[in-house]
Structures are given as C-alpha cells and as structure tokens.
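Here are the chains, one letter per residue:
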Amino acid sequence: MIRQAAFDHPVTVAIVGATAGVLAFAGLVIGVMTLLGRGTPDLRRELWLRTGSWCLLLPLMMGPVLLGREWVIGAVTLLGIACLREFDRATGLFREPLVTAIVVIGILAANFAALDHWYGFFVALWPLTVGVITIGTIPLDRPAGYVQRTALGILAYMLFGAGLAHLSFMTNEPGYRPILLMLLTTVALSDVAAFTFGKLIGGPKLCPATSPNKSISGALGALTVTTILVATLASFIFRGTPMAQPHWLILFGLMVGIGAQAGDLMLSSIKRDIGIKDMGTILPGHGGVLDRFNSLLLVAPAAFHFIQFFVGFGLAQPARLITGP
Amino acid sequence: MEFDLRPARDHGLEGADRLKSLSRERGLGSLILGRAWRTMLRGYMRGFHRLEVTGREHLPPPPFVIVANHSSHLDALTLSAVLRGEAARRAHSLAAGDTFFTSTLGSAFAAYAVNALPIWRKRTRPSEIATLRERLLQDRLVYILFPEGTRCRDGVMAGFQPGIGALVAGTEVPIVPCYLDGAFAAWPPTRKYPRPGKLRLTIGAPVHAQDLPSTRAGWEETAQRCETAVRALSGQ
C-alpha cells in the first residue's frame, strides 16, 4: 500500500490552515462581542461553548486523518460505537443486548473489511449483517417487539456501521487525506452556515415540527456555501479525472450539502419522535456525539459512491492486506 | 407489541451523575463488564473461600429482593456471585453511597462491575424509595439488600430496619432470605483485606409481604418477617 506524507497535497495544507485560521477568527470575534457587550449573554455563551467544543473536536477529527489510514479506521470504528451507544440508549434498543451486540460486531466487521481493503466483504456485510440481526433474536422465542428491535438494529447498523465505514474504506486511496478533510470540514461548516444564515436572515421555518430552529434561509444559505466550497475543493482534488467537470463538481457539492442537512433533519426526526432534546451530554454546546456527527451519516456513503463511480478508491493498491494469500 | 421507544431512564444525565443515579440502566458494556466481574468473583469465592451454597432452588425468577445478614464486604460479593442468568443481569446491590460512591473511580467500579445503586444513609428521600420500588416492579429487577443498615461490628446479627418494607410491602415481589456464615471471620469490618476462610450461604424459601399495607406499620411487619426468616436460617 502506497503511503503519502500528511501534507503532500496542497488542499490538505489549505484546509488545515484555513480551519486553524477560522477558529482563531471566531475566538477573536466572540471575544470582541464579549468586550463590547454585543449580543445577548445567552447567545455569547452558546457561541463560546460551540467554539470551545470545535477547538477540541477539530483536532480529534483531523488528527487521525493526518496520522494515517489505520488511525482513521480506528477513529471511525470508535465513532460508530459511540453513535450506536447514544442511539440505543435514546431509543431503548439497549434493552435488547443481543441485537446491540450484533450491531457492534457488524461495525467492527465493516471497519475490518476497510482495513483489509476487501471491497467484496465490505459490500457483502450489508445484507449479511441485516440477515444476522433479522434472525438473531428468533432463538429467544420472544416474538413480542420483534419488528421494532429488528428495525432499530438494522437502522443502527446501516447508519453507524455500513454508512460510516465508507469513510474508513476511503483511506485505501493513497490520496485520501484531502478528500476526507474536505468532507469533514464542509459538513461541519454546513451546520455553522445554517446557524449563521438562520440568525442573520431569519424568515419562515424549514420543518418547524421536526426542528423548530431551522429556517429556509439557513438551509439555502448553508446549501449554497457548502456546494460552492465542495465543488471548488473537489476541482483541485480530482483535477485530471473524469469527475473534474463543472456540472459533476456542482452536483457533488449539492449532494454533500443536501446529505449534510438531511442527516441533521433525520436525527431531529428521531429525537422528536422519542421526545428528547439531545442524544447525549458529552459535548458542551452540541449535546451528544450524534448531535455533532449526524450530518456525516448520509454524506459518507453518498460521497463514496459518487467518487467511486468516476475515480474509484485504491484501485491500484493491493487488496486483502490481512486475509489475502 | 411489547417494545416502545422509551429512552434509558438515566438519559440526559452527565457521566458522573449517571453513575450515582438510582435510574441508571445497564447497557451492553456494563453487561459485559458485569459478566467478567462475576466470573472472576466466582473463581475467587471458589478458590479463596470454598463457598458452599444450599437452597439455590428457592431463587424465583425476577423480580425479587434478597435480604441477608451483614457483617462483611464479602456479603454483597457472595450474593451477587451466586446469581445466574437473567437474575444476575438484573441484580443491583443496594450499597452505602457514603462508602462506595464517594469518588468517580469508585463509583465507576461500583456501577459498572458490581452494578450497585447508592443508598445515602440517614438522608434517603421518599422519592428515591419510590424510584427503587417502581423500578423493581417495572424493570423486573433483583435487589440485594442488607436491612441491618450497616455491617455488624461483633458478628452478631442486629435487628432489621423497615426500609425493606417500603420497597416491597403490598406488592407480589418475593423476598428471599439468606444467611451467610463465615464472612465475619474472613473479612470483619476491622480488617483492611480478607483472609481465606470457608463461607456457607443458605438460601431460604421466599417470604411475601403482599398482604401488608405500604404504611409504616406494614414496613415494620415486613422487616420483622424478613428478620425472622433470616434468623431461622442461622439457627438462632
């Protein structure tokens, strides 16, 4: 497997530099707001909390990407399990430990397939894991609640196992760093942009029963910013490939932008259905891990298969690194 | 359909608060840790204390409450080690908060390995008793409880306090009396660490309190029935 140095690609340097710059600028702006007494104390507190959390989160997100593929796969595995934990405690799936255990094994297996660079197994795990979840609790001879525990288990595996593991599989491409950094940062920026445009412009709500704080202006602003940014970065990353045509790049940007907001709304729907505000408490200003990473859940598989269609991941690299002959 | 979208009772609590919460519910991680802890504990009880158990057939399916004499830290360990299957997974030792839940590390061990719930002696609120009673019935739990309130300092069993009645009086939940012999000699309150010594656990037939009202008088009568049953097992 060919390995590139952490900062070989100029887009990697640009994203890491810009992220550090934006955080420093955000700190400066909020500091000035605090000094001048601008904005309500609640708003300033929320801004400080969010910025502080980003200062912790961004190194945790970017660090593994810069360190190497094994670090990314390890981090994605832990992220999947952390998301599952919050999901199962919020929905009550944790009261079905057998289903939860099968989903954990599925998450581990999907990320192992990525580590092994074994695409056949990676793809086969979707129906196989769903099959195991489907039949797993039948021997308990307890049909009451079967549909719900099975459905929740499958949803959990698809989102936190099969879905997120696409990020792991991307690392089989030697030039994965700018791709992953682009997805991580633009998806995070989509959230920030929606929040900012919503506050600045206001106007009608997007889905008031699902997410009372989201406005149409915020959604459109975030979609515009994300699409432009993704298309621009992708034009550098995929230069010289069939994907580097304006219409495909814009479509890719739109897909990432829509996927990010759809993931957010999906989690809001889950929370409203259950009747809870946040999925957890681990990240001050954000809530739980899922509250922060919901936007990535749908983007990861969508972006993977879009890029796979035009370019592919690790096609020139050896496969089945661990299980191969 | 049995399943509904019901979050964990402790959902939304910060980590440290969750460890000390009476609403704490076990997830997969806690079940795995608890299983590993019980396996080690059984090995220790077998090898170090040659634990002998009689009357295991008296243990009903959950929910139920185990009451026993209390002279040593070995008591709760022994009782949690002898439970099997569903009862073991649903078992909570009701432990002194001021002893086992004073530090985060201690609380994490008590919560994740032992699956203990804290009881704050002399300042237990009625709402906390109500939570324990509700969870016993709704979540079909098993409580391991020492109604003397604290370890006896001379090896002689003291009278039972009425708190046990507040949990079960007027319900169909069976109370399983147990008597553990040898724990005081092996690990009395005056010693820092246990020493080898034979332990004999006798499990008696369940006692019931469903005919008793959930009032002070009913609680005291429940405690009296439990104390009588445990004393009978001890041969006193």
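For clarity, every value in this text was computed on a predicted model and none was experimentally measured.

Rules of the game
Per-chain numbering applies: the sequence of each chain, read as written, is numbered from 1 onward. For naming, the first written chain is A and the first written ligand is 1, with later ones following in the order written. Only residues with pLDDT of 70 or above have their local features reported here, since the model is predicted, and side-chain atom pairs are shown and tallied only from 80 upward, although totals for entire chains, interfaces and linings are computed over all residues. For the side-chain quantities, the full set of heavy atoms in the structure was used; hydrogens and water were omitted. The way it works is that DSSP assigns letters per residue, a run of H or I at least four long becomes a helix, a run of E at least two long becomes a strand, and they are numbered from the N terminus. Only C-alpha atoms enter the radius of gyration, while the globule expectation follows 2.2 Å times N to the 0.38, with N the number of residues. Accessibility here uses a 1.4 Å probe with only protein chains present; expressed as a share of the type maximum, an area under 20% marks a residue as buried, one over 50% as exposed, and anything in between as partly exposed. Between two residues, a contact is recorded if the distance between any of their heavy atoms is within 4.5 Å. Here the accessible surface of atoms and residues is derived via Shrake-Rupley with a 1.4 Å probe, and residues count as covered only by protein chains that are part of the display. Charge counting follows a simple rule: Lys and Arg are positive, Asp and Glu are negative, and His as well as the terminal groups are ignored. Every charge is mapped onto a representative atom, which is NZ of Lys, CZ of Arg, CG of Asp or CD of Glu. What makes a salt bridge here is a side-chain nitrogen of Lys or Arg within 4 Å of a carboxyl oxygen of Asp or Glu, nothing more. Definition of a polar contact: a pair of N or O atoms within 3.5 Å, with one able to donate and the other able to accept a hydrogen when the atoms are protein atoms, and with sequence-neighbouring residues admitted only if both atoms are side-chain atoms. Polarity classes work like this: nonpolar for Ala, Val, Leu, Ile, Met, Phe, Trp, Tyr, Cys and Pro, charged for Asp, Glu, Lys and Arg, and polar for all others, with Gly in that last group. UniProt positions are given in the numbering used here, feature names are shortened, and annotations may be inferred rather than shown by experiment. The patches reported here contain residues having more than 30% relative accessible area and no salt bridge. Joining distances are 9 Å for like charges and 5 Å for nonpolar side chains (Val, Leu, Ile, Met, Phe, Trp, Tyr). Every axis corresponds to a line fitted to the C-alpha atoms, with the helix fit spanning only the stretch in contact, and the corresponding angles, defined between N-to-C directions, vary from 0 to 180 degrees. Working definition: roughly parallel below 35 degrees, roughly antiparallel above 145 degrees, roughly perpendicular at 65 to 115 degrees, and oblique for all remaining angles. The crossing is said to be left-handed when, going from far helix to near helix, the turn is anticlockwise and less than a right angle, and right-handed when the turn is clockwise. Take the number of residues in a helix, subtract one, and multiply by 1.5 Å to get its expected span. Directions are taken from the helix axis to each C-beta atom, and the arc is the one they span. Two strands qualify as a pair provided DSSP detects at least 2 bridges between them. Residues belong to a common nonpolar core when they are buried Ala, Val, Leu, Ile, Met, Phe, Trp, Tyr or Cys residues joined through side-chain atoms within 4.5 Å.

Student: How do you make sense of the overall build of chain B when you look at a structure like this?
Tutor: What chain B contains, in helices and strands, is 10 helices and seven strands. In terms of overall size, chain B behaves like a compact globule, its C-alpha atoms giving a radius of gyration of 17 Å where 236 residues would be expected to give roughly 18 Å. Across its three principal directions, the C-alpha atoms of chain B cover 50 × 40 × 35 Å. Residues classed as buried in chain B amount to 50% of the 236 residues present. In chain B, of all internal contacts separated by at least 6 residues, the share reaching a separation of at least 24 is 76%. Surface accessibility of chain B: about 11000 Å² in total, with carbon and sulfur atoms responsible for 56%. Mean positive and mean negative side-chain charge positions of chain B (32 and 22 charges, respectively) differ by 8 Å.

Student: So what exactly am I meant to see when it comes to the interface of chain B and chain A here?
Tutor: Accessible area lost on assembly of the parts is the figure often given for the size of an interface. Tallying the contact residues gives 21 residues for chain B and 26 residues for chain A. Counting across the chain B and chain A interface gives two salt bridges. A:R89 is the partner of B:D10 in a salt bridge, and the nearest nitrogen-oxygen pair spans 3.0 Å. Summed over the shared surface of chain B and chain A, the number is eight residue pairs in polar contact (both at pLDDT 80 or more). Its residues assigned to classes, the side of chain B that touches chain A comprises nine nonpolar, three polar and nine charged.

Student: What is the right way to read the UniProt feature "domain: Phospholipid/glycerol acyltransferase" (unreviewed entry) in chain B from this model?
Tutor: UniProt records the feature "domain: Phospholipid/glycerol acyltransferase" (unreviewed entry) at residues 64-183 of chain B, using the numbering of this structure. As annotated, residues 64-183 of chain B comprises 41% helix and 22% strand, and the C-alpha atoms at either end are separated by 23 Å.

Student: How should a nonpolar patch on the surface be read in this particular structure?
Tutor: A cluster of nonpolar side chains, namely A:F25, A:L28, A:V29, A:V32, A:L35 and A:L36, defines an oily patch on the protein surface of about 650 Å² accessible area. One can find A:F25 in helix α1 (residues 10-36).

Student: Help me understand the packing of helix α8 (residues 176-201) of chain A against helix α10 (residues 246-274) of chain A, please; the structure alone is not making it clear to me.
Tutor: When two helices pack together, their arrangement is given by the angle between the helix axes and the distance between those axes. Residues and elements named next belong to chain A. Contact geometry for α8 and α10: axes closest at 10 Å, N-to-C directions at 60 degrees. In terms of orientation, α8 and α10 fall into the oblique class. Crossing of α8 against α10: the hand is right-handed. Contacts from M182, L183, T186, V187, S190 and D191 of α8 reach α10 at F252, V256, A260, Q261 and D264. Taken together, the residues that form the contact of α8 with α10 break down as six nonpolar, three polar and two charged.

Student: What should I look at first to understand the pattern of salt bridges in this one?
Tutor: When charged atoms on two side chains of opposite charge get close, those side chains can pair. Summed over the entire model, instances satisfying the criterion amount to 23 salt bridges over all chains. Residue B:E25 pairs with A:R95 through a salt bridge whose shortest N-O separation is 2.8 Å. Of the two residues, B:E25 is situated in the loop between α1 (15-19) and α2 (28-49) and A:R95 in the loop between α3 (69-91) and α4 (97-116); the pairing between them involves two chains. On the basis of relative accessible area, B:E25 is assigned to the buried category, the value being 6%.

Student: For this particular structure, what's the right way to read helix α7 (residues 126-138) of chain B?
Tutor: Counting along an α-helix, one turn takes 3.6 residues, and residues three or four places apart therefore face a common direction. Residues and elements named next belong to chain B. With 13 residues, α7 should cover 18 Å at 1.5 Å per step; its first-to-last C-alpha distance of 18 Å lies within 8% of that length. Among the residues of α7, E128, L132, R133, R135 and L136 are the ones counted as buried. The buried residues of α7 all sit within an arc of 165 degrees when viewed along its axis, so they share a single face. Structural note: α7 exposes P126 and Q138 on the side pointing more than 90 degrees away from its buried face. Looking at the residues trailing α7, positive phi occurs at R140, about 50 degrees.

Student: Any chance you could explain unusual backbone geometry here in plain terms?
Tutor: A negative phi angle characterises most non-glycine residues, just as the trans form characterises most peptide bonds. Cis rather than trans, the peptide bond between B:P62 and B:P63 has omega equal to 5 degrees. With respect to the helices and strands, B:P63 occurs in the loop between β1 (52-54) and β2 (64-68). If you check the backbone angles, A:R320 has positive phi at about 50 degrees while not being a glycine. Among the structural elements, A:R320 can be located in the segment after α11 (289-310). The phi torsion at B:R50 lies on the positive side, around 45 degrees, for a residue other than glycine. With respect to the secondary-structure elements, B:R50 resides in the loop between α2 and β1. Given a relative accessible area of 48%, B:R50 falls into the partly exposed group.

Student: Is there a simple way to explain the sheet that holds strand β7 (residues 200-203) of chain B in this structure?
Tutor: Sheet strands pair by backbone hydrogen bonding; their relative direction is either parallel or antiparallel. Residues and elements named next belong to chain B. Strand order in the open sheet formed by seven strands is β1-β7-β6-β2-β5-β3-β4, and the pairing between neighbours is mixed. Looking at which strands have only one partner, the edges of the open sheet turn out to be β1 and β4 (116-119). This sheet shows a mean twist of 25 degrees between the axes of neighbouring strands, independent of strand direction. Here strand β6 (residues 175-181) runs beside β7; their pairing, made up of four bridges, is antiparallel. Across the sheet, residue C178 finds its bridge partner in β7, namely I203. Packed on one face of the sheet, α7 meets β2, β3 (91-96), β4 and β5 (142-145) and runs near 135 degrees to β5.

Student: Looking at this structure, how should I read the nonpolar core?
Tutor: Membership of the largest hydrophobic core comes to 80 residues, with the highest contact counts inside it found for A:F160, A:L167, A:M170, A:M182, A:L183 and A:F252. Looking at this core element by element, the count peaks at 12 residues for α11(A). Here A:L167 is in contact with A:V72, A:V76, A:L180, A:L183, A:L296 and A:A300, once residues within four sequence places are set aside. Counting 35 residues, the second-largest nonpolar core is a separate cluster that includes B:L83, B:V142, B:L199 and B:L201.

Student: Could you clarify how one ought to interpret α4(A) in this entry?
Tutor: Between its first and last C-alpha atoms α4(A) spans 28 Å; for 20 residues at 1.5 Å apiece the expected length is 28 Å, and the two agree. Within two residues after α4(A), A:H117 carries a phi angle of roughly 55 degrees, on the positive side.

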